[in-house]
Amino acid sequence: MRIIVDQETCIGAASCVAIAAQTFGLNQEGKVFILNENLEKAIRNESGECIESVSTDMMDIRETLLEGARSCPVQAIRVFEDSGEEIIL
Ligand code: SF4
């Protein structure tokens, strides 16, 4: 599973963090970032998007993760299958 969060769009509402606290956090600027105990740092691309791949051993939190992503009021979170197919939230 792959997650992309758009920190430019994020308004820091924190509903994703409240629902999926093992996956999402807020940085000091109040912008979402991806927590992943299996990877130590987030990769930020030129658009300011924070991209992480989440290892499949985290699949037990898949529904929680998806619920957190769905809760975002500004659709700042996108989730993809390992195949690259986007999961419609
Ligand atoms: S729910 Fe959306 S706006 Fe709120 S912190 Fe998460 S990504 Fe940002």
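Residues numbered from 1 in each chain as written. Predicted model: local features only at pLDDT ≥ 70, side-chain atom pairs only at ≥ 80, totals over all residues. Heavy atoms only, no water.

### Overview of the site of the ligand
Around the ligand lies a shell of 14 residues, among which Cys10, Ala13, Ala14, Cys16 and Cys72 are the nearest. Here the shell around the ligand is composed, by residue class, of twelve nonpolar, two polar and no charged. (Near = heavy atom within 4 Å. Nonpolar A, V, L, I, M, F, W, Y, C, P; charged D, E, K, R; others polar.)

### Some thoughts on unusual backbone geometry
Positioned with a positive phi, Ala14 is a non-glycine residue whose angle comes to about 70°. Within the element layout of this structure, Ala14 appears in the loop between strand 1 (2-6) and helix 1 (15-19). We classify Ala14 as partly exposed; its relative accessible area is 26%. With a phi close to 50°, Gln75 is a non-glycine residue in the positive phi region. In this structure, Gln75 sits in the loop between helix 2 (62-70) and strand 6 (77-80). (Helix = DSSP H or I, 4+ residues; strand = E, 2+ residues; numbered from the N terminus. Buried < 20%, exposed > 50% of the residue type's maximum accessible area, 1.4 Å probe, protein only.)

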